[in-house]
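Survey of secondary and tertiary structure
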Amino acid sequence: MRLNQLSSLLLLFVTLFFYNANAQTDNRTQQVFSEKQPIADQGNGYYINPIIPGNYGDPSLVRVEDDYYMAFSRGDGFIIWHSRDMVNWEPICRHTLPKGFNRVWAVDLQYFDDRFHLYMPVQNFPGKEIRGFGNFVVSAENAKGPWSEPIDIEIPVPDDEAWSGIDPGFIQTPEGEKYLYVNHGYVVKLNDEGNKAVSSPELVYDGWQYPEDWNVECMCLESPKLFRKDKFYYLVSAEGGTSGPSTAHMTVVARSESPTGPWENSPYNPLVHTYRQDEKWWHQGHGTIFEATDGSWWTVYHGRLNGYTALGRSCLLLPVEWTDDGWPMIKNSLNAADLLPLPKGENVGHGLALSDDFNSEIPGIQWSIGHNVAEHLQFGNGKLIMNATGNSLREGTSITVGAVNASFEVTVEVEVNDENTLAGIALGYDGIQTDGSQSTFSEAPEWRKRDAEIPVKNDGRVFMKIKNFRKDLSFYVSDDGKNWQSFGKGLRQHDSYNIRLFVFGDGTAVFQNFTYQGLED
């Protein structure tokens, strides 16, 4: 046996041993490991990005003594994760805002006055009369909640046609003065509580001008994240656009001796950026820079996996070092694709299992559930009972979960006993549905239905499976969950990684044993 084969086997043994031992104290990590989700901690003193796979873009991180907390927006609310070593993360809170609040964009998580504060731009909210986004703040003594009702910061809208007011970023001076930045370089002063604007927006930063020959989507100056070190305030921003060309996005840095500028751009910009299309991570940008408990410095940011941008923006971590003239740079010019030394700190367990046995009466954090859907769901006792609404998949009752692997398969057991009700599982809006008597495609064009009608033999109960292998889809049904019948071959490649359980029509559907399994690429 060759030396490199022995090394690979040894690494595999060490990794398996680590996770098998860890499973005794952390069932969550073992569940994620058994689902073959990407796991950053390699179990041998090193980690590899992403630290949180899947669609977890626009990260905002705050450290409170030895604990790190990271927030991500989620449409009508936000998710908060907790860590003590910056690599292993546990989800601790999924907070949904009151009815009428929707389309939350990039948030900013802060801690001051012995409370957590989360600033968020919201596109839709009750009583909206302004152009662009409203900015709100919620607070809590514990990151797990309960969180307060959202307070409108009431930022006056300037006479600027380009105004959108997204991506708030908070900073407090040693004297206690509080400021809130938004995109395009605008800043407002806040009151002592940090929940109301007490000035009009002032344009104080124009961004960093990247080379003209760079292939980007737009200037798109956004995501201001601020911190103070020594005598300087540092402003960390995103430019280049979050989509568009693979090389579009970036993180840039500026500094000032005042929290409102004037700002001097770093001569070492950009901090992170995708330079070539063949890199593993595209659209790298939107960073937060922070100091760890041991005095080291780091940045969390997001990037999209090369060739699988529909997976969403995964959360990445790189070490930062400081130049002699006081600027942050990525340590030793490391790359997000490198195998990196594990930071110091306690492992609190990692990850969010996507499978669900529906034994809990409380919906799992993995599920995205809209306000208008929650009242039609009943979780518990090994079942998810969904009451049908609407006349199509797009109009019906549905819950979703995002895949985290480039290749994966999902299975679920569905029971329907009403010819006027259709229920099933879909990837995006393509999938399998049943009325209890036969299984067909959901949302399928006519040409797909040539072999897409399979009788249900088991009193309205059918097992369904969707396999996505490198965006090639396969669909299966089964009477017993063991012997699978394939149908609907020859479909186009699929770009959605949004898994949906749904029901529409007049009746009720029962779902059991939803399982997620990552596949080897």
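Turning our eyes to something else, we now look at the nonpolar core. By size, the foremost hydrophobic cluster in this structure holds 85 residues, and its most contacted members are Ile51, Ile499, Leu501, Phe511 and Phe514. The leading source of residues in this core is strand S22 (residues 314-322), at six residues. Among all residues touching leucine 501, those that are not within four sequence positions of it are Phe358, Trp367, Leu384, Met386, Thr397, Ser398, Ile399, Val412, Gly424, Ile425, Phe511 and Phe514. Ranked by size, the runner-up nonpolar core spans 23 residues in total, among them Ala71, Cys93, Leu97 and Phe125.

What follows is about the pattern of salt bridges. A full pass over the atoms with the stated rule returns 12 salt bridges. Between aspartate 67 and arginine 84 there is a salt bridge, with its nearest N and O atoms 2.9 Å apart. Pair noted here: aspartate 67 is in strand S3 (residues 67-73) and arginine 84 is in the loop between strand S4 (77-83) and strand S5 (90-96), with a separation of 17 residues, a long-range link. Among the residues examined, aspartate 67 registers a relative accessible area of 14% and is labelled buried. With a shortest N-O distance of 2.9 Å, glutamate 413 and arginine 461 are connected by a salt bridge. With glutamate 413 in strand S28 (residues 408-416) and arginine 461 in strand S33 (residues 461-469), this pair connects stretches of sequence that are 48 residues apart. One network of salt bridges, in which partners are shared, links Asp67, Arg84 and Glu346.

The next subject is the state of the cysteines. A complete count under the given rule lists one disulfide for this structure. Each sulfur in the disulfide pair cysteine 218 and cysteine 220 lies 1.7 Å from the other. Classification of the bridge connecting cysteine 218 and cysteine 220 rests on its S-S torsion, roughly -95 degrees, and on that basis the disulfide is left-handed. Since its relative accessible area comes to 23%, cysteine 218 is described here as partly exposed. What makes cysteine 220 partly exposed here is its relative accessible area of 27%. Here cysteine 93 is not disulfide-linked; the sulfur of cysteine 315 is the nearest cysteine sulfur, at 17 Å. On the basis of relative accessible area, cysteine 93 is assigned to the buried category, the value being 6%.

Turning next to the side chain of serine 478. Residue position: serine 478 is located in strand S34 (residues 472-478). Within the local environment of serine 478, its side chain forms a polar contact with the side chain of aspartate 480, the two groups lying 2.9 Å apart. A distance of 2.8 Å separates a polar side-chain atom of serine 478 from the backbone nitrogen of glycine 481. Not counting residues up to four positions away in its chain, the partners in contact with serine 478 are Val462, Phe463, Asn483 and Trp484.

Let us now look at the sheet that holds strand S14 (residues 202-203). Strand order in the open sheet formed by four strands is S11-S12-S13-S14, and the pairing between neighbours is antiparallel. Both outer strands of the open sheet, strand S11 (169-172) and S14, are each paired with one neighbouring strand and no more. Across five bridges, the pairing between strand S12 (residues 178-182) and strand S13 (residues 186-190) is antiparallel. Residue pairing across strands places tyrosine 179 opposite lysine 189, the latter belonging to S13.

Attention shifts here to unusual backbone geometry. Residue asparagine 49 is joined to proline 50 through a cis peptide bond whose omega torsion reads 10 degrees. Mapped onto the elements of the fold, proline 50 is located in the loop between strand S1 (46-47) and strand S2 (60-64). Put simply, asparagine 269 and proline 270 share a cis peptide bond, and its omega is -5 degrees. Positionally, proline 270 belongs in the loop between strand S18 (264-265) and strand S19 (272-273). Located in the positive-phi region is histidine 184, a residue other than glycine, with phi close to 70 degrees. Tracing the backbone shows histidine 184 in the loop between S12 and S13. Of note in the backbone geometry, phenylalanine 358 takes a positive phi value of approximately 60 degrees without being a glycine. Mapped onto the fold, phenylalanine 358 is located in the loop between strand S24 (340-341) and helix H3 (371-374). For phenylalanine 358, a relative accessible area of 0% translates into the label buried.

Parameters at a glance
- Residues numbered from 1 in each chain as written.
- Predicted model: local features only at pLDDT ≥ 70, side-chain atom pairs only at ≥ 80, totals over all residues.
- Heavy atoms only, no water.
- Core = buried A, V, L, I, M, F, W, Y, C linked by side-chain atoms within 4.5 Å.
- Buried < 20%, exposed > 50% of the residue type's maximum accessible area, 1.4 Å probe, protein only.
- Helix = DSSP H or I, 4+ residues; strand = E, 2+ residues; numbered from the N terminus.
- Contact = heavy atoms within 4.5 Å.
- Salt bridge = Lys/Arg side-chain N within 4 Å of Asp/Glu carboxyl O.
- Disulfide = S-S within 2.5 Å.
- Polar contact = N/O pair within 3.5 Å; in protein donor to acceptor, adjacent residues only side chain to side chain.
- Pairing = 2+ DSSP bridges.

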